[in-house]
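Descriptive analysis of the structure
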Number of protein chains: 4
Amino acid sequence: MVRKLNEQTRERLRLAAVELFASAGFAAVGIRELASGAGVRTATLYNYMSGKEDLLVDIMQSIIDPLAEAAREAMETYSDPRERLVALVEMHVWVHGGRRRSTLVSDTELRSLGEVARKEMSLKRDEYEKLWRTVVQQGVEAGIFDVDNIVITTTGLLTLATGVAYWYRLDGPIQLPDLCALQADLALNLVRAQGANGPVRRSDLNVGPPIEVLPPDPAL
Amino acid sequence: MVRKLNEQTRERLRLAAVELFASAGFAAVGIRELASGAGVRTATLYNYMSGKEDLLVDIMQSIIDPLAEAAREAMETYSDPRERLVALVEMHVWVHGGRRRSTLVSDTELRSLGEVARKEMSLKRDEYEKLWRTVVQQGVEAGIFDVDNIVITTTGLLTLATGVAYWYRLDGPIQLPDLCALQADLALNLVRAQGANGPVRRSDLNVGPPIEVLPPDPAL
Amino acid sequence: MVRKLNEQTRERLRLAAVELFASAGFAAVGIRELASGAGVRTATLYNYMSGKEDLLVDIMQSIIDPLAEAAREAMETYSDPRERLVALVEMHVWVHGGRRRSTLVSDTELRSLGEVARKEMSLKRDEYEKLWRTVVQQGVEAGIFDVDNIVITTTGLLTLATGVAYWYRLDGPIQLPDLCALQADLALNLVRAQGANGPVRRSDLNVGPPIEVLPPDPAL
Amino acid sequence: MVRKLNEQTRERLRLAAVELFASAGFAAVGIRELASGAGVRTATLYNYMSGKEDLLVDIMQSIIDPLAEAAREAMETYSDPRERLVALVEMHVWVHGGRRRSTLVSDTELRSLGEVARKEMSLKRDEYEKLWRTVVQQGVEAGIFDVDNIVITTTGLLTLATGVAYWYRLDGPIQLPDLCALQADLALNLVRAQGANGPVRRSDLNVGPPIEVLPPDPAL
DNA sequence: GATGAATGAGGCTTCATTCAT
DNA sequence: TATGAATGAAGCCTCATTCAT
């Protein structure tokens, strides 16, 4: 029954880290702030981590692994490049909108990692992005995407979908599923996706609701 | 010709600051690094600045003011919302591609500023973004942009154009003017810009070359 | 009995601060000296203070509050202005002679305080001095003090009694109680205090031994 | 004609030093402040001094030498210990009231001097004080001073007369000559100076106006 | 598991001073 | 004479971390 307190502290630390890293940046956050955010003394932190970087790695892994997993799921669930694109965008936005702080940190603080961790994360990220590029390519080859430069456009798609982390608020006027749909349409616009009769929109496609990776959490 | 030693140091400091802030983040850069980057001792730095934040403010102003100026020029030069959009995107990309480090810092480190400077910069940025929103609105009202949500789309346009700072290299395979055109087309896609016979591309419009704000500099 | 290490350090720091500030002046004392005086490294100091000024404030409060308290006691214990004056002088000298270093710092370093603390201390000091002035006035009004200028004379009384901090040594030839009596006589001289048959001396009055505020400490 | 500028700077520097040292203390004053007080850059200061301590030494010498000189004059002019005491007090007060900042520095900053200069100044000061003690002793031996402890009383006399530097203002309500007379009376009180019919006051003695050492200067 | 205490290293900044011009 | 530029040393303070309790 004593272990309950324990997990509370661990959880508060996680939250504090996400909140602080997201708002001030990893380098600008001191362990004193982390400790007071978690309601303990600095020395206590070292029962929960071996160093500040641990916290950062945890945050990143909490994002990047589910994201990769969900991306694979999207690829398996759909085969039409337009549907695949929509699914990718929507699960990406789902995570970036639903856990904006964590994804912000994840997207921003690669440089703050030590060499080992950085390489590992970079690899994962590259693989993830390759999936997206593949889909764009498939759309182009299928003649249903009209794209000048595949690399730039893919980057644009990712940039666009990632951007929601910078401004979206779960408790704002827009519901997360609606945001997903809106961003999916933007993505289809970007690649000039074509349907039977001209430009295609999300609502024209046979795509289910967003894959619900990671429950949204306004604190994360 | 001897009096230049001074300006050389100042220039080297500027370059070092941009380079270091861009790659490691303001908070993670120590003044020792800045000093050695500028080829002087730390005490010497204080002949050129009153504090580390000075360097950051300088960088930001070097970007944000020219950007605002060029945006105003774009608005005056063109009246068609599609042309205006293209002009905005192209001068934005011109700067973000041509001075990627400075713009990266400018876009990322607002939080590192003290309260006074932060407010000032925020104001300027807000005004700048309002210009973009106005153009989108005008396009929608004119029936030539097909946009679901003006705010989200405007944010997307800015995100997209700003994103080039994260990956574009002046010395890479793509020429800056070409990048501008490509990004302009992406923007037109995003708003589903319409011409006489369907979707419009940059090449369909009567827009001159990008406004050449700030000469590109691979070091900046 | 092991838990005292802590208080030992704190005490050593207090002593070092008093000693150093008194002999070299607040501004001339570096935290390195304070640290080595306390037998710790500089970083350790900050477990015991939030800044150098803390130490100064502590010293001042250790003097000024007991002084005010004892002054009030003197006023309550006696009603005859001559007796009151003697009591004030003696408790003042008791403190200034018994804790010369602390009082020296207290009297000298007001200017080294930040604005907030300075104002607070100034207020307390002003109130304290007002008590003295009141006693002089009462003596004049009762016709037992012969004083040309009340303000100047009061200042002189305080100057005189405070002055012992500059030269008295607890371990010198003069005992603290004797010093008190001597200074009391000087004070009576200064105001030309009159008794039944001419000038009055301390031994003519019905005054008990000095109020023993703060035990004397040659280190303080 | 160019030398005029020169002397202006030297003079401004002197004034700035006195003003700053008096109000903040030698150790707390930086050469930047001295420079800006003198209206030049820091490097320029070194055309007028060989180090910060020079300024302090100059200030002290400007006080201590004239003081000693005037003390000797007082001893030569008068022979009655009561008159001598009055003359000493009045010229001391004349200087300490007329040049309060300089005397403040002079009395306070001995500790800030290097060993060599400190010893020299200490010697001068000791000699000066010895003169005072001599006078008190002579009064006691002549049976016209009633003093318990010669050393303590002498110290008290000096403390009292020196004290004016801490509060007197040339531009306040009290004229300097009046202040001298008031303080002379306080001194006579302190030693219980006797005349033909009881306690003696300054006005009972045959003493001329204060020796006018050093013209008063509110800036000094 | 929690923490008080301590610390080496380094944070940013100012110090007094020198020197070439 | 005046100063812009540079600097080693030191200023105060915070950093992340360890360890005994």
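Bear in mind the structure is a predicted one, so any value in this text is a computation, not a measurement.

About the cut-offs
For every chain, the first residue of its written sequence is number 1, and the numbers climb from 1 along that sequence. Chain labels run from A onward and ligand labels from 1 onward, assigned in the order the entries are written. With pLDDT at 70 or above as the cut-off, local features in this predicted model cover only qualifying residues; side-chain atom pairs require 80 or more to be listed or tallied, and sums for whole chains, interfaces and linings still use all residues. As a rule here, side-chain values come from all non-hydrogen atoms in the structure, and water together with hydrogens is ignored. For helices the rule is a DSSP run of H or I covering at least 4 residues; for strands it is a run of E covering at least 2, with both sets numbered from the N terminus onward. With a 1.4 Å probe rolled over the protein chains alone, any residue whose accessible area is under 20% of its type maximum counts as buried; one over 50% counts as exposed, and the rest are partly exposed. Every residue pair with non-hydrogen atoms within 4.5 Å of one another is taken to be in contact. Exposure was quantified through the Shrake-Rupley algorithm and a 1.4 Å probe, taking into account, for residues, occlusion by the shown protein chains and nothing else. This count recognises Lys and Arg as positive and Asp and Glu as negative, with His and chain-terminal groups excluded. Where a charge lies is defined by one atom per residue type, namely NZ (Lys), CZ (Arg), CG (Asp) and CD (Glu). UniProt positions are given in the numbering used here, feature names are shortened, and annotations may be inferred rather than shown by experiment. Once two parts are put together, the accessible area they lose, assessed with a 1.4 Å probe and summed over both, is termed the buried area. Note on definitions: salt bridges are taken to be side-chain nitrogens of Lys or Arg within 4 Å of carboxyl oxygens of Asp or Glu. In protein, a polar contact requires one atom able to donate a hydrogen and another able to accept it; more generally it is a pair of N or O atoms within 3.5 Å, and residues adjacent in sequence count only if both atoms are side-chain atoms. Charged means Asp, Glu, Lys or Arg here, nonpolar means Ala, Val, Leu, Ile, Met, Phe, Trp, Tyr, Cys or Pro, and polar covers whatever is left, Gly included. Fitting of the copies onto one another was done by least squares over C-alpha atoms, counting residues only where both copies have pLDDT of at least 70.

**Section: the overall build of chain A**
Within chain A, the regular secondary structure consists of ten helices and two strands. Taken from N to C terminus, the helices and strands of chain A fall in the order α-α-α-α-α-α-α-α-α-α-β-β. The 220 residues of chain A split such that 51% are buried. Expressed as a percentage of contacts within chain A between residues at least 6 apart in sequence, the contacts between residues at least 24 apart total 73%. Accessible surface computed for chain A: about 10200 Å², of which carbon and sulfur atoms make up 50%. Of the charged side chains in chain A, 25 are positive and 30 negative; the average position of the first set lies 7 Å away from that of the second.

**As for the UniProt feature "DNA-binding region" (unreviewed entry) in chain A**
UniProt tags residues 30-49 of chain A as "DNA-binding region" (unreviewed entry). Helix makes up 60% of residues 30-49 of chain A and strand 0%, with an end-to-end C-alpha separation of 14 Å.

**Here's the deal with the interface of chain B and chain A**
The interface is formed by 34 residues belonging to chain B together with 34 residues belonging to chain A. Considering only the surface of chain B that becomes buried against chain A, Arg111, Ile152 and Arg192 of chain B emerge as the three largest contributors, covering 25% of it. Put simply, chain B and chain A have six salt bridges between them. A salt bridge links Arg111 of chain A to Glu109 of chain B; the shortest N-O distance between them is 4.0 Å. Across the chain B-chain A interface, the total number found is nine residue pairs in polar contact (both at pLDDT 80 or more). The set of elements that each furnish at least two residues to the side of chain B that touches chain A consists of helix 1 (4-24), helix 8 (150-162), helix 9 (164-167) and helix 10 (176-190) of chain B. For the side of chain B that touches chain A, the leading source of residues is helix 10 of chain B, giving seven residues. The residue makeup of the side of chain B that touches chain A, split by class, is 16 nonpolar, eleven polar and seven charged.

**Quick notes on the UniProt feature "domain: HTH tetR-type" (unreviewed entry) in chain A**
UniProt's entry tags residues 7-67 of chain A with the feature "domain: HTH tetR-type" (unreviewed entry), counted in the numbering of this structure. Between the end C-alpha atoms of residues 7-67 of chain A there is a gap of 25 Å, over a span that is 75% helix and 0% strand.

**Some details on the pattern of salt bridges**
Counting across every chain of the model gives 54 salt bridges over all chains. The salt bridge partner of Asp148 of chain D is Arg201 of chain C, with a shortest N-O separation of 3.3 Å. With Asp148 of chain D in the loop between helix 7 (115-141) and helix 8 (150-162) and Arg201 of chain C in the segment after strand 2 (198-199), this pair bridges two chains.

**Some details on the relation of the copies chain D and chain C**
Rotating chain D by 180 degrees and translating it 0.0 Å along the rotation axis places it on chain C, where the RMSD comes to 0.1 Å. Look at the turn and shift together and you get a two-fold axis relating the two. A shared interface surface links the copies, since 100% of the contact residues of chain D are contact residues in chain C too.

**Concerning the interface of chain D and chain C**
On the chain C side, the residues contacting the 33 residues of chain D number 34 residues. For the pairing of chain D and chain C, the buried interface totals around 2600 Å² over both sides, and the portion due to carbon and sulfur atoms is 59%. Connecting chain D to chain C are five salt bridges. One salt bridge in this structure joins Arg201 of chain D and Asp146 of chain C, with 3.3 Å as the shortest N-O distance. Between chain D and chain C we count nine residue pairs in polar contact (both at pLDDT 80 or more) in total.

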